[in-house]
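# Close look at the chain arrangement
Listed here are the chains, written in short residue letters.
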Amino acid sequence: MLVLYITIGVLVSLILILFILAIFVHHSAFGKRWDPDEVVTYYSPIDYPDIKEENIGISTKKGILRGKLYFYSKEQYKGILVFSHGMWGSHKAYFQEMEFFARNGYKVLGIDAYGTELSDGKSIKGLGNSLLTLDKAINYIKKNYPKEKIYVMGHSWGGFAATNIVKYHKDLTAIVAMSPFLSVAKILKHQLPKLLYPTIPFLILIDAMRCGQYSFANAKKSLKKTPISTLILHSKDDTMVPYLTATGHLQKAICNSKVLFYIVDGKKHNPDYSVEALAYTQAAYEKLNAITNPIDKLEFRRNLDYHKMGELDEKVLRDILDFLKL
């Protein structure tokens, strides 16, 4: 009996240690806000003077989600495209994509996730936050624009949201996900050292405590019988969200004619960027990493051409546009 008590005590102690460690890891990664780096200059409405923007505020129990609705003056719109941004960035980092679809007849809603730039929140909460935010944004569109068709597009963290939003909205017109991770568990396994793998179940639990049921979403399950036309883009050399364990896995696991795949190579984590943009970015960061003086490093960053870094691949964008028209 004593051996049993000792064994139980050891197990309880181990679980407690892992849980405390998981709290520390989760807080270190997601326990702060994301606000823009003042050095980085994104594409913006200044670059496209004819585009119009409307401030959007979505009141929720967790605070106000804020963003903007972008559009050009047109007699008729094809619908509203809700854009879900990646982590450690806001919707503004994707203005060039949003402008492209606005120029081609859509109203585009860019909403910042909780704890990100325009939106309320003391932290970005966790990995489930992108899906939580997207769900709130679509509910807002349905309430305020009930007659509009709704499209969804997301990248990385936002791609995870896009591939799983069907769990909550089965009446969307189409979904586009770029470089999405499949689940919270999958991306944690990729990002964490093997030594911390035992904390993953606790990290998911903590994520769910902060973001709700959204943290348990899994694209493999969500897309298996989805009724929504879904296009998933990924580059084979993506190191941020590895193709083989994400979209490559989906290609083997999903047998659903509604789910299409657009696979490229040499585009890293941004399959819709031009080859020139990615080459410029890689060369720039190689030079930046070689600079040791902080003042020189800052000056180098100030002189980078951030617009060139974000140049889009027109063919890829046109192919996405063709998909949305199907």
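In short, a report on the structure. (Residues numbered from 1 in each chain as written. Predicted model: local features only at pLDDT ≥ 70, side-chain atom pairs only at ≥ 80, totals over all residues. Heavy atoms only, no water.)

### Considering the overall build of the chain
Short version of the rule: The helix and strand labels rest on DSSP assignments: H or I over at least four residues marks a helix, E over at least two residues marks a strand, and numbering proceeds from the N terminus. In this setup the radius of gyration rests on C-alpha atoms only. A globule is expected at 2.2 Å times the number of residues raised to 0.38. Throughout, exposure labels follow a simple rule: accessible area from a 1.4 Å probe, protein chains only, divided by the maximum for the residue type, with under 20% read as buried, over 50% as exposed, and the rest as partly exposed. Any two residues whose heavy atoms approach within 4.5 Å are treated as being in contact.
When helices and strands are tallied, the chain shows 12 helices and eight strands. Taken over the C-alpha trace, the chain has a radius of gyration of 21 Å; the compact-globule value for 326 residues is 20 Å, and the two agree within 12%. Expressed along its principal axes, the backbone C-alpha trace of the chain runs to roughly 80 × 55 × 40 Å. When each of the 326 residues of the chain is scored for burial, the buried share is 51%. Expressed as a percentage of contacts within the chain between residues at least 6 apart in sequence, the contacts between residues at least 24 apart total 75%.

### A few points about the packing of aromatic side chains
Put simply, the test is: Pairing of aromatic rings covers Phe, Tyr and Trp, the last counted by its six-membered ring, and requires centre-to-centre distances within 6.5 Å; plane angles under 30 degrees mean stacked, over 60 mean edge-to-face, and any other angle means tilted. Only lysine NZ and arginine CZ atoms are considered, and such an atom sits over a ring when it is within 6 Å of the ring centre and within 35 degrees of the ring normal.
For the structure on display, the rule yields 10 aromatic pairs. Ring pairs connect the aromatic residues F100, F101, Y106 and Y151, which therefore count as one cluster. Directly above the aromatic system of Y114 lies the positively charged group of K125, at a separation of 5.5 Å from the ring centroid.

### Examining the environment of E311
Following the sequence through the fold, E311 ends up in the loop between α11 (306-309) and α12 (314-325). E311 sits in the partly exposed class, given a relative accessible area of 33%. Separated by 38 residues in the primary sequence, E311 and Y273 have C-alpha atoms spaced 5.9 Å apart. With residues up to four places along the chain from it excluded, the contact list for E311 reads Y43, Y273, S274 and A277.

### Some thoughts on the pattern of salt bridges
Let me state the cut-off plainly: Counted as salt bridges are all cases of a side-chain nitrogen of Lys or Arg within 4 Å of a carboxyl oxygen of Asp or Glu.
Scanning the entire structure with this criterion turns up 10 salt bridges. Close ionic contact of D120 with R66 constitutes a salt bridge, the shortest N to O distance being 2.7 Å. Residue D120 is found in the loop between β4 (107-111) and α3 (129-144), and its partner R66 is found in strand β2 (residues 63-71); the two are separated by 54 residues along the sequence.

### Remarks on a positive patch on the surface
As a reminder of what qualifies: Surface patches are drawn from residues lacking salt bridges whose relative accessible area is over 30%; two like charges belong together within 9 Å, two nonpolar side chains (Val, Leu, Ile, Met, Phe, Trp, Tyr) within 5 Å. All accessible areas in this document rest on Shrake-Rupley with a 1.4 Å probe, and a residue is counted as covered only by the protein chains that are shown. Think of it this way: Lys and Arg go in the positive column, Asp and Glu in the negative one, and His and the chain ends go nowhere. For charged residues, the charge sits on one atom: NZ in Lys, CZ in Arg, CG in Asp, CD in Glu.
On the surface, K167, K186, K189, K194, K220, K221, K224 and K225 cluster together into a positively charged patch. Considering each element in turn, the positive patch owes the most residues, three residues, to helix α7 (residues 219-224). Note on placement: K225 falls in the loop between α7 and β7 (229-235).

### Quick notes on the packing of α3 against helix α4 (residues 157-164)
As a reminder of what qualifies: For helices, the fitted axis covers only the stretch in contact; all axes are lines through C-alpha atoms, and the angles between them, taken along N-to-C directions, range from 0 to 180 degrees. Comment on the angle field: the value is read as roughly parallel under 35 degrees, roughly antiparallel over 145, roughly perpendicular from 65 to 115, and oblique elsewhere. Crossing handedness follows the turn of the near helix against the far one: under a right angle anticlockwise gives a left-handed crossing, and clockwise gives a right-handed one. For this classification, Asp, Glu, Lys and Arg are treated as charged, while Ala, Val, Leu, Ile, Met, Phe, Trp, Tyr, Cys and Pro are nonpolar and the rest, including Gly, are polar.
Packing of α3 against α4 brings their axes to within 8 Å, and their N-to-C directions diverge by 55 degrees. The angle between α3 and α4 falls in the class oblique. The way α3 lies across α4 gives a crossing that is right-handed. From α3, N129, S130, L131 and L134 reach across to α4, where they touch W157, G158, F160, A161, A162 and N164. Broken down by class, the residue content of the contact of α3 with α4 amounts to six nonpolar, four polar and no charged.

### Describing the environment of W88
Mapping W88 onto the fold places it in the loop between β3 (80-84) and α2 (95-103). For W88, a relative accessible area of 39% corresponds to the partly exposed category. Spatially, the C-alpha atoms of W88 and I20 are 25 Å apart, while their sequence positions differ by 68 residues. Those residues within four positions of W88 in sequence are excluded, and the remaining contacts are A29, W34 and I124.

### Regarding the sheet that holds strand β1 (residues 52-60)
The criterion, for reference: Here the rule is simple: two strands pair whenever DSSP picks up at least two bridges between them.
Read across the open sheet, the eight strands follow the order β1-β2-β4-β3-β5-β6-β7-β8; overall the sheet is mixed. Lying at the two open borders of the sheet, with one neighbouring strand each, are β1 and β8 (259-264). Ignoring strand direction, the axes of neighbouring strands in this sheet form an average angle of 20 degrees. Relative to β4, β2 runs antiparallel, the two being bridged by four bridges. Across the sheet, the residue bridging to L69 is L109, located in β4.

### Some details on the packing of helix α9 (residues 275-290) against helix α10 (residues 294-302)
Put simply, α9 and α10 touch, their axes get as near as 9 Å, and they point 165 degrees apart. Comparing the axis directions of α9 and α10 gives the class roughly antiparallel. Handedness of the α9/α10 crossing: right-handed. Seen from α9, the contacting residues are A284, K287, L288 and N289; seen from α10, they are K297, F300 and R301. The residue makeup of the contact of α9 with α10, split by class, is three nonpolar, one polar and three charged.

### Things to note about the pairing of β8
Defined as follows: Crossover handedness is defined by viewing with both strands directed away from the observer: a clockwise path from the first strand over the helix to the second marks the crossover as right-handed.
Taken together, the six bridges between β7 and β8 define a ladder with parallel strand orientation. Residue pairing for β8: I232 is matched across the bridge by F261. The parallel pair β7 and β8 is bridged by helix α8 (residues 247-253), and the resulting crossover is right-handed.

### Considerations on the side chain of H26
Structurally, the position occupied by H26 is in helix α1 (residues 2-30). Leaving out residues up to four positions away in the same chain, H26 has contacts with G31, K125, G126, L203, I206, D207 and R210.

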